[in-house]
Amino acid sequence: MAGSTERARHWQYAELPGVDLLRARFVEKIFVRHTHENFVIAAISHGVEVFHHGGGDQYAGPGALALVNPDTPHTGRAGVPEGWRYGAVYPSPELVAEIAAETTTIRGTPGFSSPVLDDAHAAGLVHEVLRAAEEGNALAADTLLRVAVTRLLRLNGGPLPQRAVHTAGARIAVRARAVLEERMAEPPTLERLAADFGTSPFALLRAFRDTYGMPPHTWLTDARVRRARHLLDAGSAPAEAAVAVGFTDQPHLNRHFSRIVGVPPGAYQRERKNVQDADGRPDLPSRAWQNRQHSQT
């Protein structure tokens, strides 16, 4: 990432399939409202992160974890002038369900109950997962990840509530989302979309926001970035991915991609092409990061 104060590395480790990894330090970075397909488990090591979640601002400082369930709208920004530094793992819902079934008594779809958990031990485990991945220690990375997820689910886990689609408004929102997914590159206007479902634009807007936590245009931008990530993972060039998902050009994709993923699409794809690139440098050397974390706990 360009700049002397903000750095980020977003990568994958081949021995942890279905898990994204991140080390970052942000000062002025602002994550717009967005969602993730995977769980977010972010361990703060310095500073404070503020993220809007569930109708209010949440604060996570050193030794705390920011925890976000899949498809849950949230934002992100610095809570102090010096910003925040953190390491994060993004395990897939399938992996978390597998761990929950083996190590907890949670029934139904597992998830996190509270978006912030103060637990220095779990935070340290997250940083150790990242260190093991950086050093190519597959056994340690897999073991520590499973231990960390188990601990978090036991301390702060439960079954996720099922999204209700019983009301007429919710049913229309579901249908509208399907249309936007199908016509992502050339979406209809809000007025056209509402007319197709026999409702008014503002009624559709309210129903969509109540069902998915964001208005249709914000959801569409988030969905475009999500699909662009899949295209980049499959080898598409950023410029090709931009046009395929409906952005006007690559700079348009760059702007939204960085505001949601945290790194530009080019940097994101370079890490994906070589998931064990020894030249990829974290924000701090891995042992220094761990030692600093341990000095706080």
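Residues numbered from 1 in each chain as written. Predicted model: local features only at pLDDT ≥ 70, side-chain atom pairs only at ≥ 80, totals over all residues. Heavy atoms only, no water.

The next subject is the overall build of the protein chain. Looking only at helices and strands, one finds 11 helices and 12 strands in the protein chain. Scored against the burial criterion, the 297 residues of the protein chain give a buried share of 51%. Expressed as a percentage of contacts within the protein chain between residues at least 6 apart in sequence, the contacts between residues at least 24 apart total 73%. Summing over all exposed atoms, the protein chain offers an accessible surface of approximately 13,800 Å²; the carbon and sulfur share of this is 51%. (Helix = DSSP H or I, 4+ residues; strand = E, 2+ residues; numbered from the N terminus. Buried < 20%, exposed > 50% of the residue type's maximum accessible area, 1.4 Å probe, protein only. Contact = heavy atoms within 4.5 Å. Areas by Shrake-Rupley, 256 points an atom, 1.4 Å probe, with all protein chains shown as cover.)

Moving on to the sheet that holds strand β2 (residues 19-26). On the basis of which strands lie adjacent, the open sheet formed by six strands has the order β1-β2-β9-β4-β7-β11 and antiparallel pairing. Strand pairing shows two members of the sheet lacking a second neighbour, β1 (7-12) and β11 (116-118), which therefore form its edges. Along the sheet, successive strands turn relative to each other by an average axial angle of 15°, direction set aside. (Pairing = 2+ DSSP bridges. Axes fitted to C-alpha atoms, helices over the stretch in contact; angles between N-to-C directions.)

Glancing now at the packing of helix α2 (residues 120-134) against helix α3 (residues 138-156). The contact between α2 and α3 brings their axes to 8 Å, and the two run at 160°. Judged by the angle between their axes, α2 and α3 are roughly antiparallel. As α2 packs across α3, the resulting crossing turns out to be left-handed. Mapping the contact onto sequence places H121, A122, L125, E128, V129, A132 and A133 in α2 and A140, A141, L144, L145, V147, A148, R151 and L152 in α3. Residues belonging to the contact of α2 with α3 are distributed by class as follows: 12 nonpolar, one polar and two charged. (Parallel < 35°, antiparallel > 145°, perpendicular 65-115°, else oblique. Left-handed = near helix turned anticlockwise from the far one by under 90°. Nonpolar A, V, L, I, M, F, W, Y, C, P; charged D, E, K, R; others polar.)

Among the eight residues in strand β9 (residues 84-91), eight count as buried, and that is most of the element. Two strands pair when backbone bridges link them, and β2 and β9 are joined in this way by eight bridges, in the antiparallel orientation. Bridge pairing links D20 to Y90 in β9. Both strand β4 (residues 40-47) and β9 contribute to a ladder of six bridges, which runs antiparallel. Bridge assignment links H46 to a residue of β9, and that residue is R85.

Here helix α7 (residues 216-233) spans 26 Å end to end across 18 residues, near enough to the 26 Å set by a 1.5 Å rise per residue. Every buried residue belonging to α7 is among P216, T218, W219, L220, D222, A223, R224, V225, R226, A228, R229 and L232, and all of these are buried. With its phi angle positive at about 110°, G235 sits one or two positions after the end of α7. (Expected span 1.5 Å × (residues − 1).)

Applying the stated criterion across every chain, the model contains eight aromatic pairs. Seen in terms of ring centroids, W84 and Y86 are 5.9 Å apart; in terms of plane orientation they differ by 15°. Their pairing is stacked. An identical accessibility class is assigned to W84 and Y86; each is buried. Among the aromatic residues, ring-to-ring pairing joins F26, F31, W84 and Y86 into one connected group. For R9, the ring lying beneath its charged end belongs to W11, and the centroid distance is 4.2 Å. The ring centre of F247 lies 5.7 Å from the NZ or CZ of R224, which sits over that ring. (Phe/Tyr/Trp six-rings, centres within 6.5 Å; stacked < 30°, edge-to-face > 60°. Lys NZ or Arg CZ within 6 Å of the ring centre and 35° of its normal.)

Bear in mind that shape data such as this cannot, by itself, settle questions of function.
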